[in-house]
Amino acid sequence: MSGKLAKAKGFKKSKPGTYLSIGTTLFGAVSIVKQAKKAKTEQDTLQMIDAVVSAAAIVTGVALLVRELRRLHDDDVLAG
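Residues numbered from 1 in each chain as written. Predicted model: local features only at pLDDT ≥ 70, side-chain atom pairs only at ≥ 80, totals over all residues. Heavy atoms only, no water.

## Considering the overall build of the protein
Defined as follows: Numbering of helices and strands runs from the N terminus; a helix is a DSSP stretch of H or I covering at least four residues, while a strand is a stretch of E covering at least two. Burial here depends on accessible area, computed with a 1.4 Å probe over protein chains only, as a share of the maximum for the residue type. Under 20% is buried, over 50% is exposed, and the range in between is partly exposed. Whether two residues are in contact is decided by their heavy atoms: any pair within 4.5 Å suffices. Areas reported as accessible are Shrake-Rupley estimates using a 1.4 Å probe. Residue values count occlusion only from the protein chains shown.
Each helix and strand counted, the protein has three helices and zero strands in total. Split into buried and exposed, the 80 residues of the protein put 18% on the buried side. If you take every contact in the protein between residues at least 6 apart in sequence, the share linking residues at least 24 apart comes to 59%. Summing over all exposed atoms, the protein offers an accessible surface of approximately 6200 Å²; the carbon and sulfur share of this is 66%.

This is the structure in structure tokens:
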């Protein structure tokens, strides 16, 4: 594995990388809220369903990232 790729993969599994992933995921929620508002205004059921499913994906993604963050914290406690 190349050095840069290894560093990038290591960053993704680090606390700062996990926090960045959570922030990026939550930033995507802004567009979902806009989509839901537009769907409600236009009374577009299909678009509203899409917004709800997308919101569920964001919630699940953040939950997975928080779990990873807790695991990283537990590893630090055990190591330190």
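There is more to say after this.
## Notes on a nonpolar patch on the surface
Definition in use: Like-charged residues within 9 Å of one another, or nonpolar side chains (Val, Leu, Ile, Met, Phe, Trp, Tyr) within 5 Å, are grouped into patches, provided each residue has over 30% relative accessible area and no salt bridge. Salt bridge criterion: a side-chain nitrogen from Lys or Arg within 4 Å of a carboxyl oxygen from Asp or Glu.
A surface patch of nonpolar side chains, about 320 Å² in accessible area, is lined by Leu46, Ile49 and Val53. With respect to the secondary-structure elements, Ile49 resides in helix H3 (residues 45-79).

## Some words on helix H2 (residues 15-42)
Our working rule: In this scheme, a helix's expected span is set at 1.5 Å multiplied by one less than its residue total. Any pair of N or O atoms that falls within 3.5 Å is considered a polar contact. Within protein, one atom must be able to donate a hydrogen and the other to accept it, and sequence-neighbouring residues count only if both atoms are side-chain atoms.
The end-to-end C-alpha distance of H2, which contains 28 residues, comes to 41 Å, matching closely the 40 Å that a straight helix rising 1.5 Å per residue would cover. Every buried residue of H2 is listed here: Gly17, Thr18, Ile22, Ile32, Gln35 and Ala39. For H2, the capping residue at the N-terminal end is Ser14, with a side-chain oxygen 3.2 Å from the backbone nitrogen of Gly17. Gln43, located one to two residues past H2, shows a positive phi value of around 50°.

## Quick notes on the UniProt feature "transmembrane region" (unreviewed entry) in the protein
What counts here: UniProt positions are given in the numbering used here, feature names are shortened, and annotations may be inferred rather than shown by experiment.
Under the UniProt annotation, "transmembrane region" (unreviewed entry) lies at residues 45-66. Taken end to end, residues 45-66 comprises 100% helix and 0% strand; its first and last C-alpha atoms sit 31 Å apart.

## Section: the side chain of Thr18
Among the secondary structure elements, Thr18 is positioned in helix H2. A distance of 2.8 Å separates the side chain of Thr18 from the backbone oxygen of Ser14, its partner in a polar contact.

## Things to note about the environment of Gly61
Position of Gly61 relative to the elements: it lies in helix H3. Judged by relative accessible area, Gly61 falls into the partly exposed class, the value being 22%. Along the sequence, Gly61 and Ile22 sit 39 residues apart, while their C-alpha atoms lie 8.2 Å from each other.

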